[in-house]
Amino acid sequence: MGSYARPSTLAEALNLMAPGDKRLLAGGTDLYPGAGTALSGDILDLTAVAGLSGLEPTAEGGVRIGACTTWTAIAEADLPPAFDALRAAARQVGGRQIQNAGTIGGNLCNASPAADGVPPLLALDARAELVSPRGTRLLPLADFITGPRKVALDRDEALAAVLIPAPALAGRSAFVKLGARAYLVISIAMVAARIVTEAGRVREAAVAVGACSAVARRLPAVEAALQGARPAEAAERIVPADVAAALAPIDDVRASAAYRAGAATELVRRAVTEALA
Amino acid sequence: MIAFTLNGTPVTVDCPPTERLTEVLRDRLGRTGTKVGCDAGDCGACTVLIDGAQVCACLVPAARAEGRQIETVEARTPELERLRAAFLRHGAAQCGICTPGMLIAAADLLRRTPAPSEAEAAEALGGVLCRCTGYRRIIAAVCDTGETAVPVTEPGAVGAALPRVDGAAKVMGDSFGADDAPESALIVKALRSPHDHAAFRFGDLAAFAARPGVAGVYTADDIPGRNAFGAIPPFADQPAIAASPARFRGECVALVAFEPGAEADLSGFPVTWQPLPALMSPAAAEAPDAPAIHVNRPGNRLIEGKVARGDVVAALAASAHVVTGAMQTGFVEHAYIEPEAGAAWIDGEVLVIRACTQAPVMDRDETAVVLGLPPDRVRIIPAATGGGFGSKLDVSLQPLLGLVALKTGRPCRMTYSRPESMASTTKRHPAEMHGRIGCDAGGRITALEFEGRFDTGAYASWGPTVANRVPVHITGPYRTPHVHASARAVHTNGPVSGAFRGFGVPQGALWQETLYDRLAEKAGIDRLEFRILNALRDGDRTATGQHLASVGIGPCLEALRPHWARALADAATAPGRRGVGVASCWYGCGNTALPNPSTIRLGITAGGRLVLHQGAADIGQGANTVITQIAAEALGLPVAAFDLVGPDTALTPDAGKTSASRQTYVTGRAAQAAGAALRAAILRLVNAGDGAALALDGARLVVAEQDRRREIDLAALPEQAHGYVLVAEETYDPPTSALDAEGQGVPYAVYGYGAQIVELQVDPALGTVQLLKITAAHDVGRAINPALVLGQIEGGIAQGIGLALMEEYLPGRTENLHDYLIPTIGDVPEVESLILEVPDPEGPFGARGLGEHVLIPTAPAILNAIRHATGAEIGRVPALPHRVLEALGAAR
Ligand SMILES: Cc1cc2nc3c(=O)[nH]c(=O)nc-3n(C[C@H](O)[C@H](O)[C@H](O)COP(=O)(O)OP(=O)(O)OC[C@H]3O[C@@H](n4cnc5c(N)ncnc54)[C@H](O)[C@@H]3O)c2cc1C
Ligand code: FES
Ligand code: FES
């Protein structure tokens, strides 16, 4: 049987991580379902590490969300409207039990194409803060999640936080999730949109789609098309070709690829409309 | 050592730090109220509170409990006590396996929000799955915890909405198959085929058996009896442990018994697989060159059922309107929240098996055959059973446990994992159905022609029942003068299709009822009126030529008229794509044209204890309560006076299986007869008249008439059979007749009827369907317990919703509750139930069966409402969003 440690300081945690042989455990809501009676391997439980949980403002005016922050904590946090998509996603991950245990960091590191946390964070221009005994580095979220179940973590490295830069705190956002039932459902597709308006027109749009490609993607063509749009004309500026440009949906048990492609456009329209409402 | 507070009491445990908290609670601390349905976060049965917040204990490492406050269903907090009382009052617990999780999730909510709304309740309980109740009663209970009183059992019997007699145990965390086993029981694990079809060879089994912690290894060679079980004896073909080849993915090929405490690790088991070509569809299995899955079943055909009456071809040719259509369904998983579990031990000469079941006596007999024992050397003690819906009619782990207990002489236990349960047990038959229905210019049905092909999977199970039931019921409860219907069950290398609420009739109704909407449209008649026009009436004959009396379908449909008008008006005026659909059901109660007797024993001891030997397995549907109510009414003593014994094959006479909606009717008749016989014996003893009132007063039985009061001193009476001083045992078997080659005869003595209206909204851009309301009218003959009737209706509807909109089992791909979706608390809309009571002359106090009926109309009514909303005709369920959208495209 493997070892288990639950350090309370980052220094201790980094020390334990140094050999590069630890399995990191946060909420366990992704790790346990795949385990047998008990988790195998040497487990490093990060949930007690000071500084890895909770939300706080950064010196630069942004927001830092500790990797071990639970969905419930995010849903209940007092955050500007730019975070509405993230908070909505938090309320729709699994059921309340999952939200009370599951963490944002686990969601990102597990790197499921259907991870609900990713589109809202992409729309917030989030960066991943990675720590190892060798130091700290920052990666844009899109560079951190490199493929399905793949992240740019070295063996001795952990995700410490996601950082939202100050400019991304502008505007308001919305999250739309499509699944085949009401609760406890893995997304067929989901969209987050953050829109900044100025003088009745879209000044900046950040739109991301999940579960329609190996990794959730921003939609640059859609974002460009939305520039300068009045709220009433935003939906019609979103055209299927622009949505499809960034996506590569697949067939699976939840839906067909063709369906996903069509649904994505509709969901983008709805998310943008809601963010503009 | 890990120390925490459990329900207010400090505890310490010594366990691996990453062990699941569920195991700590259940195995180490013996608190088995917390249930395990999946070990994966998907079912919520294991929900506990950690520092007041609900989490899935199956995902929590033990070490994280250190220093925390943990609360489980065993806690006696004020919220939980109020919730328990409310759950009992509202009938919110059926089988009870989800109840601990529901209660805990609700306790979490009540602490945050003392008087929650329905939406808040749904939100808070969204992480707990229930397969029995349809959630509506659970929501009602959570929103009504103001009263603390536990309802008392009142004197009234038949017709009273009494709380379930076994309810108190359910709201404390009842004892299911996994919850109790003898000390030091061996742990049994099955090695299962990872392939749909594969030959296999074993290597050095002795070496594996010699591993530390391994107590024994068993294969097909070790089976002492006939290695073939099956619910229907002439077709019995399924090995308890397969010899090569394995015919489906999940089939058991070997067993390993582990010492308690040893790591039950099957890795490295010496087996080599050689995958073989697999026949994965009936079309492939019926191809001319397809190999036979069973040598004695050429063409891979298990059986074909047929009903023929009149001249269909001529009648269709002469019809004013004819519609032709096809419908396809997939495998559906029962998805009870309790995976199979049980224990076995040797008691003297007798092998005792305590496990979940719907059919204790069948389990005994089949296990005895496999193990080469006479039936009286096997005793089945049913554990509380966490849902069955048909699948727990077949034996699963009973012969496996029995084999290990016999071979080792030691107690053993076995609990299926969720994927193991899903892969290895039965499914609803996938159906491919097509045919034609015609009517005359006035809209009267003239003829129906139907052909159905059902994928029965690798073994027979209940395939013959499906093949026989479908043609009998395919007309729906409608007058159909000319019928030609055939249904055949075809073997494939898919999972075994068996019994699932309705035995193929729900699939058939999907075909028939959707065609009826098209036919009504052609005839230019309102869809509900079309059904009323054609509804079977007293004196009509069915497709099997049976003369019907007391037919309830007309009254059900007529009762829906005002709701239909209201729903259509709402749909026409509301924004969005709203639709309304209706569909009916009828369903024969009991075995199809075969005997299926039930026996009930009632006795009074010298000490004045009134004992009901109740052998009908209560899998949540409420047999314990209903059978007691019937016996109480017939005997004339209150329900509260009864002590229930059983079901236990050593203690209760055979009340048959809990299937075919037969227990209320068939066992109910036996209970009514036993109650009446005991009453007659009592009255005879004191020469009292029929109207006398009985009362038990300690060891005295008081018989009162207007002018006279007699006391029977029970202690002074001579002892009779089974140790009672007064005893009655009665058997009832439905009067049916065999069907001839054309399917003509009297297959059932009692039918139940119902119809449902579905109101919904379709999102035309995404193909998603939002259910708004379901109005259900069901004729139950007599509602023995109206609260249980409502629970059955809502639970059946929830399963119908799953069948229509989301459930499809794909071997190897949806073997868990993450990918196999069943309705959650947010997927079942408001249900308004109209209970009709058209007394059945054959049923006990007029009662008919209900359990399966309730599921049949829902799915076709949903498809009909989708068509009404959008014109989209769905030819295949589940109507997943992408299929709805495709159909919408085709309709445009
Ligand atoms: C019933 C159920 C429903 C679910 N529903 C949803 C849903 O609707 N939407 C959704 O997106 N997800 C869903 N999930 C998945 C899961 O709950 C989430 O992805 C959750 O956020 C994972 O977080 P965790 O803390 O539990 O991760 P863990 O299981 O603890 O870890 C997940 C992975 O990330 C690694 N890891 C965790 N933290 C770190 C870190 N700080 N640094 C480096 N590596 C780390 C772990 O080693 C592991 O590989 C569901 C899961 C279940 C069981
Ligand atoms: S057992 Fe924990 S969620 Fe199912
Ligand atoms: S009562 Fe909920 S699963 Fe049976």
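Residues numbered from 1 in each chain as written. Chains lettered and ligands numbered in written order. Predicted model: local features only at pLDDT ≥ 70, side-chain atom pairs only at ≥ 80, totals over all residues.

**Some words on the overall build of chain B**
- In terms of helices and strands, chain B carries 21 helices and 32 strands.
- Taken over the C-alpha trace, chain B has a radius of gyration of 27 Å; the compact-globule value for 892 residues is 29 Å, and the two agree within 12%.
- Oriented by its inertia axes, the alpha-carbon framework of chain B measures out at about 85 × 80 × 60 Å.
- Counting the 892 residues in chain B, one finds 64% classified as buried. (Helix = DSSP H or I, 4+ residues; strand = E, 2+ residues; numbered from the N terminus. Rg over C-alpha atoms; globule rule 2.2 N^0.38 Å. Buried ≥ 20, exposed ≤ 12 C-beta atoms within 10 Å, placed from the backbone.)

**So, the overall build of chain A**
- Regarding its fold elements, chain A presents twelve helices and 14 strands.
- Overall size of chain A, expressed as C-alpha extent along the three principal axes, is 60 × 45 × 30 Å.
- When burial is assessed residue by residue, chain A has 56% of its 277 residues classed as buried.
- The long-range share in chain A, meaning contacts at least 24 apart out of those at least 6 apart in sequence, stands at 64%. (Contact = placed C-beta atoms within 7 Å.)

**Some thoughts on the pairing of strand β30 (residues 751-763) of chain B**
Residue and element names in this part refer to chain B.
- Counting buried residues along β30, twelve of its 13 residues qualify, which places the element largely inside the surrounding structure.
- Here eleven bridges tie β30 to strand β31 (residues 768-779), and the two strands are oriented antiparallel to one another. From the neighbouring strand, Q761 faces β31, where its bridge partner is Q770.
- In sequence, β30 turns back onto β31 through a hairpin of four residues, with G767 there showing a positive phi of about 75°. (Pairing = 2+ DSSP bridges.)

**Let's talk about helix α1 (residues 21-28) of chain B**
Residues and elements named next belong to chain B.
- Within α1, six of the eight residues are buried, leaving the element largely enclosed by the surrounding structure.
- Every buried residue of α1 is accounted for by L21, T22, E23, V24, L25 and R26.
- Tucked inside the fold, the buried residues of α1 contact β2 (9-13).
- One or two steps after α1, the chain reaches G30, where phi turns positive at roughly 70°.

**Some words on the packing of helix α3 (residues 99-112) of chain B against helix α4 (residues 118-125) of chain B**
Residue and element names in this part refer to chain B.
- Where α3 meets α4, the closest approach of the two axes is 9 Å, and the angle between their N-to-C directions is 125°. One element, α3, and the other, α4, form an angle in the oblique class. Pair α3 / α4 crosses with right-handed handedness. When α3 is examined against α4, the residues M102, A105, A106, D108 and L109 are found in contact with a partner set consisting of E120, A121, A124 and L125.
- Among the residues making up the contact of α3 with α4, the classes are represented as seven nonpolar, no polar and two charged. (Axes fitted to C-alpha atoms, helices over the stretch in contact; angles between N-to-C directions. Parallel < 35°, antiparallel > 145°, perpendicular 65-115°, else oblique. Left-handed = near helix turned anticlockwise from the far one by under 90°. Nonpolar A, V, L, I, M, F, W, Y, C, P; charged D, E, K, R; others polar.)

**Here's the deal with the packing of helix α14 (residues 505-523) of chain B against helix α20 (residues 858-870) of chain B**
All names here are of chain B.
- Put simply, α14 and α20 touch, their axes get as near as 8 Å, and they point 30° apart. On the basis of the axis angle, α14 is roughly parallel to α20. For α14 against α20, the interelement crossing comes out right-handed. Where α14 abuts α20, its residues P506, A509, L510, E513, T514 and D517 lie against A859, P860, L863, N864 and R867.
- Partitioning the contact of α14 with α20 into residue classes produces six nonpolar, two polar and three charged.

**Describing the sheet that holds strand β24 (residues 610-613) of chain B**
All names here are of chain B.
- The strand order across the open sheet formed by four strands is β25-β24-β23-β29, and the pairing between neighbours is mixed. For this open sheet the edge positions go to β25 (642-645) and β29 (726-732), each flanked by a neighbour on one side alone. Strand-to-strand twist of the sheet, defined as the mean angle between neighbouring strand axes without regard to direction, takes the value 20°.
- The sheet contacts of helix α17 (residues 623-635) involve β23 (598-604), β24 and β25, and relative to β25 the element is tilted by about 135°.

**Observations concerning the environment of B:R82**
- On the secondary structure map, B:R82 appears in helix α2 (residues 78-90).
- With 25 residues separating them along the chain, B:R82 and B:A107 place their C-alpha atoms 9.3 Å apart.

**Overview of the interface of chain A and chain B**
- Taken residue by residue, the interface counts 34 residues in chain A and 42 residues in chain B.
- For the side of chain A that touches chain B, the element with the most residues is helix α5 (residues 96-101) of chain A, which contributes five residues.
- Residues belonging to the side of chain A that touches chain B are distributed by class as follows: 21 nonpolar, eight polar and five charged.

**Section: α4(B)**
- Within α4(B) the residues assigned to the buried category are B:A121, B:A122, B:E123, B:A124 and B:L125.
- As for α4(B), its buried residues are in contact with α5 of chain A together with α3 and α5 (136-142) of chain B.

**Here's the deal with the nonpolar core**
- Core analysis: the biggest nonpolar cluster contains 399 residues, and A:A193, A:V268, B:L401, B:A631 and B:I866 have the highest contact counts within it.
- Discounting residues that sit within four places of it in the chain, A:V268 has contacts with A:V191, A:A193, A:V207, A:V209, A:L219, A:V222, A:I238 and A:V243. (Core = buried A, V, L, I, M, F, W, Y, C linked by C-beta atoms within 7 Å.)

**Looking at the site of ligand 1**
- What surrounds ligand 1 is a group of 34 residues, the closest being A:G27, A:G94, A:G106, A:N107 and B:G41.
- Bordering ligand 1 are residues originating from chains A and B.
- A total of five residues in the shell around ligand 1 trace back to one element, the largest contributor, which is helix α6 (residues 104-110) of chain A.
- Of the residues contributing to the shell around ligand 1, the split by class is 18 nonpolar, twelve polar and four charged. (Near = placed C-beta within 6 Å.)

**Considering the confidence of the model for chain B**
- Looking at chain B, pLDDT values average 96 and 99% of them are 70 or higher.
- The complex model carries a pTM of 0.98, and its ipTM stands at 0.97. (pLDDT = per-residue confidence, 0-100.)

**Topic: the domain arrangement of chain B**
Residues and elements named next belong to chain B.
- Assigned domains of chain B: these are domain 1 (1-160), domain 2 (182-278 + 340-415), domain 3 (427-591 + 741-891) and domain 4 (598-732).
- For domain 2 and domain 3, the distance between their C-alpha centroids amounts to 37 Å.
- Each partner contributes residues to the interface: domain 2 has 18 residues there, and domain 3 has 17 residues.
- Its residues placed into classes, the side of domain 2 that touches domain 3 shows seven nonpolar, six polar and five charged. (Domains from an automatic or database assignment.)

**Focus: the environment of B:V769**
All names here are of chain B.
- Examined against the element boundaries, V769 turns out to sit in strand β31.
- The exposure class assigned to V769 is buried, which follows from the 27 C-beta atoms found within 10 Å.
- For the pair formed by V769 and V666, sequence separation is 103 residues and the distance between their alpha carbons is 39 Å.
- Ignoring any residue separated from it by four or fewer positions in sequence, one finds V769 in contact with L760, V762, L805, I866, A879 and V884.

**Here's the deal with unusual backbone geometry**
- At the junction of B:S244 and B:P245, the peptide bond is cis and its omega measures out at 5° in the coordinates.
- Relative to the assigned elements, B:P245 resides in the loop between β8 (214-218) and β9 (252-258).
- Residue B:P878 is bonded to the preceding B:V877 through a cis peptide linkage, with omega at 0°.
- Structurally, the position occupied by B:P878 is in the loop between α20 and α21 (881-891).
- Phi angles above zero are rare outside glycine, and A:R149 is one such case at about 65°.
- With respect to the helices, strands and loops of the structure, A:R149 is situated in the loop between β8 (145-147) and β9 (150-151).
- On the basis of neighbour counts, which here come to 12 C-beta atoms within 10 Å, the residue A:R149 falls in the exposed class.
- Not every positive phi belongs to a glycine, and B:A660 is a case in point at roughly 55°.

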